[in-house]
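Tertiary structure, described
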2 protein chains.
Amino acid sequence: MQLHCIDCDSRYSISDFKYACSCGGLLEIEQDFKFLDSEYLKRKFEQRLSDRMTPYASGVWRYKELIFPELEDRFLITKNEGNTGLYDIERVNQYVGIKKIWLKSQSENPSGSFKDNGMVVAVSHGKSLGLDKFTCTSTGNTSSSLAMYSSLTNSQSYVFVPDKNISLNKVLQTISYGAKVIAFEGTYDQGIDFLEKYSGELGLYICNSINPFRIEGQKSIIYEIAQYLRWELPDWIVVPGGALSNVSALGKGLGDLYELGFINRLPRVAVVQAEGASPFHQMISKNKNELQPELQPKTVASALNIGNPPSWKKARNTLNATNGITVSVTDDEILNAKAVIDQSGIGCEPASASTVAGLKKLCESGQIHRDETAVCILTGNLLKDTEVLRQYHLECTENSLFANPLIKSKLNIESIKHL
Amino acid sequence: MQLHCIDCDSRYSISDFKYACSCGGLLEIEQDFKFLDSEYLKRKFEQRLSDRMTPYASGVWRYKELIFPELEDRFLITKNEGNTGLYDIERVNQYVGIKKIWLKSQSENPSGSFKDNGMVVAVSHGKSLGLDKFTCTSTGNTSSSLAMYSSLTNSQSYVFVPDKNISLNKVLQTISYGAKVIAFEGTYDQGIDFLEKYSGELGLYICNSINPFRIEGQKSIIYEIAQYLRWELPDWIVVPGGALSNVSALGKGLGDLYELGFINRLPRVAVVQAEGASPFHQMISKNKNELQPELQPKTVASALNIGNPPSWKKARNTLNATNGITVSVTDDEILNAKAVIDQSGIGCEPASASTVAGLKKLCESGQIHRDETAVCILTGNLLKDTEVLRQYHLECTENSLFANPLIKSKLNIESIKHL
């Protein structure tokens, strides 16, 4: 296990842990699976499914040998993350117009989003270094997940957010888990620069998406999908594209499974961005070599509202390795797909629904065939954004195709019979 | 399997399903475990732990033989309910002042509350009768759970709520899952009467807490706790007391485990009510034979804000069978216990925290010894009630002992170092 710079190819020992290469490039973790026995591991992963009270009951640590083999057991923290449902819902298949979709409901994670899969590994790593102060710059799912795991391990989390336009509603979960939420004068970029410069002096362990251990943990999502489907993946894996670290993790996880012979063919990856925040899709579709940041990203799907995704190079590698594609969808398309997912009894936050909206668009354009199969990864919980629910259902506009407003009625059989 | 009236002892065949006895009494389901082989079942329950893609992966259907043995497999619906974490958190132990507490985090259920365990069985039963319209009167966890399972099975749910003082925020989850939420002119009691009178004519299957199949499903919570702890339960099981159906289910589940020899001794049960809505605690502590409804119940813990709990007789039976006790706690005690649970990285809604607050009070009064052990059942998710979080942390009063307000700071090392 070592750190590898995806830009200049430098390599560092894991014991010299750092967040970025001296060239400024992103680091990834390189593992050597040469000496692993796939059949033995497969049996082990199977046996651990029946665990409930050990860290190996986790849908992340179940695959520890592929995620963080060196970590001593005493540093394994867990909160029952992963182990999320994989649902085949006829109504969603029909809405998209494709043979079969599996919805992987990461919203069932303990803090309500897929971030838990990666965060549990980053915080465990930080603890193994002897640190007990954790930090990130985020108001969303990342900060809630960080706050939860920090508190679970009697550590303190520090969440830095710019004081302009801070939405208190979005940080309530993070505050309640006990994070110190610091509203500072400045921009996100200034916050990140500050942390990178002073984290050592302040004894802070940084859990932003550049942390390569988060990527290692997030690989478990595709491992779990593959295991649940008896190591036969569908034709497509569809993911939302915000910071793009999930795309990076997906590519890395698929590469692992293929290298180890757990799967015989690689599925193709489709990355869906919101139209108002689609710099990655723009780059890929226009065949550019460099990402042009979107300076004023704007989408209702707050987890996708990212104009300058740090992990775009890793995500591009994933597309290259899997013959992947990208697509963008409008906010209305996202919200209507979300209503279909919610009304199928699954439920998700807006960003998650971009996967179903994007898959529908790709089927309609013929880029994906209707007799193919797909997994859509639903990243966050329906309860994460209730304001969107209120607007869609109660203040519904003509674009809210599936609005379900409150009904006022007298309590008599004639009135009720006709509802 | 038959229906049994807990008041007049009448019995009915399950094929003549009804919601109440002709004497007006509550019905419970009676099962005959005489011919069951406990050792065989124990092995079966163990094997099913590794299931992921069959209905037996459910933390409810895993115990189908004890819950609804007659139900054909084709009627089993599931959404990965149960399988929730059981956590031992040192900070909570210290706060309460007891040797060991397990927190059973039912908030990890798919709709975010323990109601899923019972609802999945009621909706499966309704479907097996050929019904596809489900109903309840509730604005809380019950209605969200009902709406989710109804939609999951392509059925329609109808949720009746009085139009006075309806909090739209509380029904957003239910609306988004696709329930028709009907605000009617009248009171809850009128709603219930209406449903009992006309459900047959309207083809509606009633999923209020009087539905005895919900109780059968909720028994799985204590089964799962027992199985995770290798069939050795702690000294006490602590539950919040609202409608009291959870107390009834707990007593019934404990009785099953004891009768089958899965456990060798019965733990004692402690029921915690909020001071402003504590008719059951009043009845028990004053040694009365009849419950005196609280006409104007008032507590911040909305799931406990019930003045006339329908299941009080069944709950009393549970106390009698387990040498149980009751206690009441103030809203401040609930909110401070909630802050401790949240800041331990677990998180819950206010009603859930009454268990930890009540256990603390019972330890302080000496009714529970400090070297005993307990399970506290956390019933609902932290995200269910964000208004309470806002008030406690951001508008904190002197009673908010663990308030965690937003911090404003300049971004320089001196300022940050001292946070």
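Residues numbered from 1 in each chain as written. Chains lettered and ligands numbered in written order. Predicted model: local features only at pLDDT ≥ 70, side-chain atom pairs only at ≥ 80, totals over all residues. Heavy atoms only, no water.

Here we look at the overall build of chain A
Of the regular secondary structure elements, chain A holds 15 helices and 14 strands. Scaling as 2.2 N^0.38, a compact globule of 419 residues should have a C-alpha radius of gyration of about 22 Å, and chain A matches this with 21 Å. Seen through its principal axes, chain A has C-alpha atoms that stretch 70 × 50 × 50 Å. When the accessible surface of chain A is split by element, carbon and sulfur atoms take 45% of a total near 15,400 Å². Between the centroid of the 44 positive side chains of chain A and the centroid of its 48 negative side chains there is a distance of 2 Å. (Helix = DSSP H or I, 4+ residues; strand = E, 2+ residues; numbered from the N terminus. Rg over C-alpha atoms; globule rule 2.2 N^0.38 Å. Areas by Shrake-Rupley, 256 points an atom, 1.4 Å probe, with all protein chains shown as cover. Lys, Arg positive; Asp, Glu negative; His and termini not counted. Charge placed at Lys NZ, Arg CZ, Asp CG, Glu CD.)

Overview of the packing of aromatic side chains
Within this structure, the stated rule accounts for 28 aromatic pairs over all chains. Ring geometry for Phe-17 of chain A and Tyr-19 of chain A: centres 5.2 Å apart, planes at 80°, overall edge-to-face. Like Phe-17 of chain A, the residue Tyr-19 of chain A is buried in the burial classification. Centroid distance Trp-231 of chain B to Phe-262 of chain B: 4.8 Å. Interplanar angle 65°. Geometry classified as edge-to-face. One end of the pair, Trp-231 of chain B, is in the loop between helix 8 (212-228) and strand 10 (236-240); the other, Phe-262 of chain B, is in the loop between helix 9 (245-259) and strand 11 (268-274), with 31 residues separating them in the sequence. Given a relative accessible area of 11%, Trp-231 of chain B falls into the buried group. (Phe/Tyr/Trp six-rings, centres within 6.5 Å; stacked < 30°, edge-to-face > 60°. Buried < 20%, exposed > 50% of the residue type's maximum accessible area, 1.4 Å probe, protein only.)

Looking at helix 7 (residues 188-202) of chain B
For helix 7 of chain B, the principal kink sits at Glu-196 of chain B and spans about 40°. Within helix 7 of chain B, the full set of buried residues consists of Gly-191, Phe-194, Leu-195, Ser-199 and Leu-202 of chain B. Here the buried face of helix 7 of chain B lies against helix 15 (413-417) of chain A together with strand 6 (133-137), strand 7 (156-162), strand 8 (180-184) and strand 9 (205-206) of chain B. Within two residues after helix 7 of chain B, Gly-203 of chain B carries a phi angle of roughly 70°, on the positive side. (Bend = angle between axes of the 7 residues up to and from the residue. Contact = heavy atoms within 4.5 Å.)

Description of the relation of the copies chain B and chain A
For the pair chain B and chain A, the superposition axis carries a translation of 0.0 Å, the fit reaches an RMSD of 0.0 Å, and the rotation angle comes to 180°. Here the transformation between the copies is reduced to the relation of a two-fold axis. Closest approach to the rotation axis within chain B is made by the C-alpha atom of Ser-50 of chain B, at a distance of 2.1 Å. (Least-squares fit on C-alpha atoms with pLDDT ≥ 70 in both.)

Things to note about the UniProt feature "modified residue: N6-(pyridoxal phosphate)lysine" (unreviewed entry) in chain A
All names here are of chain A. Under the local residue numbering, the UniProt record ascribes the feature "modified residue: N6-(pyridoxal phosphate)lysine" (unreviewed entry) to Lys-115. Within the secondary structure layout, Lys-115 lies in helix 4 (residues 115-128). Leave out the neighbours within four places in its chain, and Lys-115 touches Asn-141, Thr-142, Ser-145 and Arg-214. (UniProt positions renumbered as here; feature names shortened; annotations may be inferred.)

Focus: the side chain of Asp-116 of chain A
Residue and element names in this part refer to chain A. Tracing the backbone shows Asp-116 in helix 4. Here Asp-116 is buried and forms no salt bridge, its nearest opposite-charge partner Lys-384 lying at an N-O distance of 7.1 Å. For Asp-116, the contacting residues outside a window of four places in its chain are Glu-81, Asn-109, Pro-110, Ser-111, Ser-145, Met-148 and Tyr-149. (Salt bridge = Lys/Arg side-chain N within 4 Å of Asp/Glu carboxyl O.)

Overview of the environment of Lys-42 of chain B
Note on placement: Lys-42 of chain B falls in helix 1 (residues 38-47). Once the C-alpha coordinates of Lys-42 of chain B and Gly-24 of chain B are considered, the two residues, 18 residues apart in sequence, prove to be 38 Å apart.

What about the sheet that holds strand 8 (residues 180-184) of chain A?
With parallel pairing, the five strands of this open sheet are ordered in space as 9(A)-6(A)-7(A)-8(A)-14(B). Here the strands that pair on one side only, and so sit at the sheet edges, are strand 9 (205-206) of chain A together with strand 14 (407-409) of chain B. Pairing of strand 6 (residues 133-136) of chain A with strand 7 (residues 156-162) of chain A, which is carried by four bridges, proceeds in the parallel orientation. Across the sheet, the residue bridging to Thr-135 of chain A is Tyr-158 of chain A, located in strand 7 of chain A. Here helix 4 of chain A sits on the sheet and contacts strand 6 and strand 9 of chain A; the angle it forms with strand 6 of chain A, its principal contact strand, is near 140°. (Pairing = 2+ DSSP bridges. Axes fitted to C-alpha atoms, helices over the stretch in contact; angles between N-to-C directions.)

Observations regarding the UniProt feature "domain: Tryptophan synthase beta chain-like PALP" (unreviewed entry) in chain A
Feature annotation in UniProt places "domain: Tryptophan synthase beta chain-like PALP" (unreviewed entry) on residues 77-380 of chain A, given in this structure's numbering. Each end of residues 77-380 of chain A is marked by a C-alpha atom, and these two atoms are 22 Å apart; helix forms 44% of the span and strand 16%.

Comments concerning the sheet that holds strand 4 (residues 86-88) of chain A
Residue and element names in this part refer to chain A. The strand order 4-5-13-10-11-12 describes an open sheet built from six strands, whose pairing is mixed. On the outer flanks of this sheet lie strand 4 and strand 12 (325-329), each paired with one strand and no other. If you compare each strand with its neighbour and ignore which way they point, the axes differ by 25° on average. Relative to strand 11 (residues 268-274), strand 10 (residues 236-240) runs parallel, the two being bridged by five bridges. When the sheet's bridge partners are listed, Val-239 is paired in strand 11 with Val-271. Contacts from helix 12 (residues 331-342) reach strand 11, strand 12 and strand 13 (373-378), with the element oriented near 95° to strand 12.

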